[in-house]
2 protein chains.
Amino acid sequence: MATPTFDRLALVGVGLLGGSIGKGLKQRGLVSHVAGVGHRASSLDAALACGAIDKATTHLEEVIPSADLIVICTPALLIPDVLDRVRPLLKPGAAVTDVGSTKAHICAHAAATWPAPRRFVGSHPMAGSEKFGPEHSDPGLFVNAVCLLESSPEADPAARARIAALWASLGARVVDMDPVHHDRLVAHSSHIPHILSALIATIAARQEGLGPVIGNGFRDMTRIAAGRPAIWRDIALSNRDAILEGLEEAAEELAQFKRALEANDAAAVEAYFEAGRAAREKALQ
Amino acid sequence: MATPTFDRLALVGVGLLGGSIGKGLKQRGLVSHVAGVGHRASSLDAALACGAIDKATTHLEEVIPSADLIVICTPALLIPDVLDRVRPLLKPGAAVTDVGSTKAHICAHAAATWPAPRRFVGSHPMAGSEKFGPEHSDPGLFVNAVCLLESSPEADPAARARIAALWASLGARVVDMDPVHHDRLVAHSSHIPHILSALIATIAARQEGLGPVIGNGFRDMTRIAAGRPAIWRDIALSNRDAILEGLEEAAEELAQFKRALEANDAAAVEAYFEAGRAAREKALQ
């Protein structure tokens, strides 16, 4: 496959991810012009200053009509609304994607509002950082990352190919996935671990004098709880059903373990740990 | 404080920890003779072969009566029984400790069976490895580790000082702690995180196609679930009360989070993550 070239790119939202897309395409010489749309002047200025975008504006109308490729990089909960505002402004043939880390609510909204063949195809590039803001954007952020791409029969094949080429050209490995399946998987690989990480920290910190007994296990298990609460609030709300389903399962497993331990049932307690060990091995295969 | 010298050391159990104590004292020239008691010839042979012990036997009677310092390094659940068998064999002035990672059941047993002033003082050196067996023992294993030492008014001060000197001479930082408080703290810093790590792996592995969505968060959160199930069975059984108390708290927190998410209560969901973030910061201070 020849290296694809993108003409005019519009980024809606110029944080870490949007900035990294802009820088990544510009530094590789794969795009002729990058416009950034945002509502905070400070972010737009920072994105301009670090070379992630060529033009900054607070008005979608100024850049969407001339864009060939639009990437929505706002927080996930806002994406359906942004889609509604972007859709009437698109020029024929333009392709639209997003970077939301949950997909079912976004893709369902697009499917319900967009005539087929749909030129929006949802993406979830699995790359990020503890840092945020365009000043930390990195043209290599997506190198070797996985990018999950909505597998939808209603998607326009040309738009889909263009969006897949976008991620591939930034160094990511594109994997097709059904949005509902996607959300269930990320609930288990990321959201429920995050919820339990916060839980471990919260109940442990109620104990006085914890300091001397903290080891690497505790550090590992609470590392992700350091994430930004507002981001995780939005992720949880946007993946509510899959998370609730997973938490139900978690509560049942935990109750079963509690009963085994209460009963001093050594075989059942060992089986629980053995299941966890085997499951980890299977998951990381 | 001058460097302490130990004359005759007996290790009951010659795995990773026992072997590391033997090697650590021998390589520092702090002990005149190290005897190892075990019931598996293969472990005793390996401990001899790697220089962790000078003499190997399967009979406590052969080495305890001449030992000045005895360290019990068997699995925690066996320690009360080993104490019962060691106590009648001790020579006057000998000091006894252990390396069990739970303390309340061991120290309560010692308190109930040992006349005051007690020459057994429980230890929990917080060092270890994924590896096990004397062939992986390491004379530097305890360097910069914390060793929790039972703070009991019935303990003989001379025995206590000797045991504290043992750990300090191996490079550990000794911290006094009440055994019941100890067990509650390690339930939160280690045992409950382990139980939840296994839980995350178990429910995640039920999903098909998880591979592409696994990231560092999942790896971190399930790392400790790779531990040996039989060891964790014993730890859980030996710290049953503190773990059940912590799991009760965990279940309540989780149920509260579920209700907030079910109700789309954004403020309560954010408060949950904020509490986790703040708690981690406080715990790691």
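**A short note on the interface of chain A and chain B**
Then comes step 1: Listed by partner, the interface residues are 79 residues for chain A and 79 residues for chain B.
Then comes step 2: Summing both partners gives a buried area of about 7800 Å² for chain A against chain B, and 71% of it is carried by carbon and sulfur.
Then comes step 3: In this structure, the connection of chain A to chain B is made through ten salt bridges.
Then comes step 4: Of the charged contacts in the structure, one is a salt bridge between Arg206(A) and Glu253(B), with a shortest N-O distance of 2.5 Å.
Then comes step 5: Here chain A and chain B share 32 residue pairs in polar contact (both at pLDDT 80 or more) between them.
Then comes step 6: Among the elements of the structure, strand 7 (146–150), strand 8 (173–177), helix 7 (179–204), helix 8 (216–222), helix 9 (229–238), helix 10 (240–262) and helix 11 (266–283) of chain A are those that each provide at least two residues to the side of chain A that touches chain B.
Then comes step 7: When residues in the side of chain A that touches chain B are grouped by element, the largest group, 19 residues, is from helix 7 of chain A.
Then comes step 8: Its residues assigned to classes, the side of chain A that touches chain B comprises 47 nonpolar, 14 polar and 18 charged.

**Focus: the sheet that holds strand 5 (residues 95–98) of chain A**
Residues and elements named next belong to chain A.
Then comes step 1: Here we have five strands laid out as an open sheet, ordered 3-2-1-4-5, and parallel in their pairing. Edge strands, defined here as strands with exactly one partner in the open sheet, are strand 3 (55–57) and strand 5. Taken over all neighbouring pairs, the strand axes of this sheet differ in orientation by 20° on average, direction set aside.
Then comes step 2: With four bridges connecting them, strand 1 (residues 6–12) and strand 4 (residues 69–72) associate as parallel partners.

**Side note on the nonpolar core**
Then comes step 1: Ranked by internal contacts, the top residues of the largest apolar core, which has 77 residues, are Phe257(A) and Phe257(B).
Then comes step 2: Setting aside residues no more than four positions away along its own chain, Phe257(A) makes contact with Val269(A), Tyr272(A), Phe273(A), Ile195(B), Ala236(B) and Leu247(B).
Then comes step 3: Of all hydrophobic cores here, the second largest spans 33 residues; its members include Leu25(B), Ala52(B), Ala164(B) and Leu170(B).

**Digging into the domain arrangement of chain A**
Residue and element names in this part refer to chain A.
Then comes step 1: Along its sequence, chain A is carved into domain 1 (6–178) and domain 2 (182–283).
Then comes step 2: Between the C-alpha centres of domain 1 and domain 2 the distance comes to 32 Å.
Then comes step 3: Together, Leu77, Thr102 and Phe132 form the three largest contributors to the area buried by domain 1 at its contact with domain 2, with a combined 41%.
Then comes step 4: Where domain 1 touches domain 2, the interface holds zero salt bridges.
Then comes step 5: For the pair domain 1 and domain 2, the number of links is five residue pairs in polar contact (both at pLDDT 80 or more).
Then comes step 6: In terms of residue class, the side of domain 1 that touches domain 2 is built from seven nonpolar, four polar and two charged.

**As for the sheet that holds strand 8 (residues 173–177) of chain B**
All names here are of chain B.
Then comes step 1: With respect to topology, three strands assemble into an open sheet ordered 6-7-8, the strand pairing being mixed. Two strands lie at the open edges of the sheet, namely strand 6 (123–125) and strand 8, each paired on one side alone. The sheet shows a mean angle of 20° between the axes of neighbouring strands, taken without regard to direction.
Then comes step 2: Relative to strand 8, strand 7 (residues 146–150) runs parallel, the two sharing five bridges. Each residue of the ladder has a partner; that of Leu148, found in strand 8, is Val175.

**With respect to the pairing of strand 2 (residues 31–37) of chain B**
All names here are of chain B.
Then comes step 1: Judged by how many residues are buried, strand 2 sits mostly within the fold: six of seven residues are covered.
Then comes step 2: In this sheet, strand 2 lies alongside strand 1 (residues 6–12) in parallel orientation, the contact comprising six bridges. Following the sheet pairing, Leu9 is matched in strand 2 by Val34.
Then comes step 3: Viewed along the sheet, the connection from strand 1 through helix 1 (residues 16–27) into strand 2 turns out right-handed.
Then comes step 4: Relative to strand 3 (residues 55–57), strand 2 runs parallel, the two sharing three bridges. Counted as the bridge partner of Gly36 is Ala56 from strand 3.
Then comes step 5: After leaving strand 2, the chain enters helix 2 (residues 41–49) and then returns to the sheet as strand 3, a path that is right-handed.

Calculation criteria
Residues numbered from 1 in each chain as written. Chains lettered and ligands numbered in written order. Predicted model: local features only at pLDDT ≥ 70, side-chain atom pairs only at ≥ 80, totals over all residues. Heavy atoms only, no water. Contact = heavy atoms within 4.5 Å. Buried area = accessible area lost by both parts, 1.4 Å probe. Salt bridge = Lys/Arg side-chain N within 4 Å of Asp/Glu carboxyl O. Polar contact = N/O pair within 3.5 Å; in protein donor to acceptor, adjacent residues only side chain to side chain. Helix = DSSP H or I, 4+ residues; strand = E, 2+ residues; numbered from the N terminus. Nonpolar A, V, L, I, M, F, W, Y, C, P; charged D, E, K, R; others polar. Pairing = 2+ DSSP bridges. Axes fitted to C-alpha atoms, helices over the stretch in contact; angles between N-to-C directions. Core = buried A, V, L, I, M, F, W, Y, C linked by side-chain atoms within 4.5 Å. Buried < 20%, exposed > 50% of the residue type's maximum accessible area, 1.4 Å probe, protein only. Domains from an automatic or database assignment. Right-handed = clockwise from strand over helix to strand, strands pointing away.

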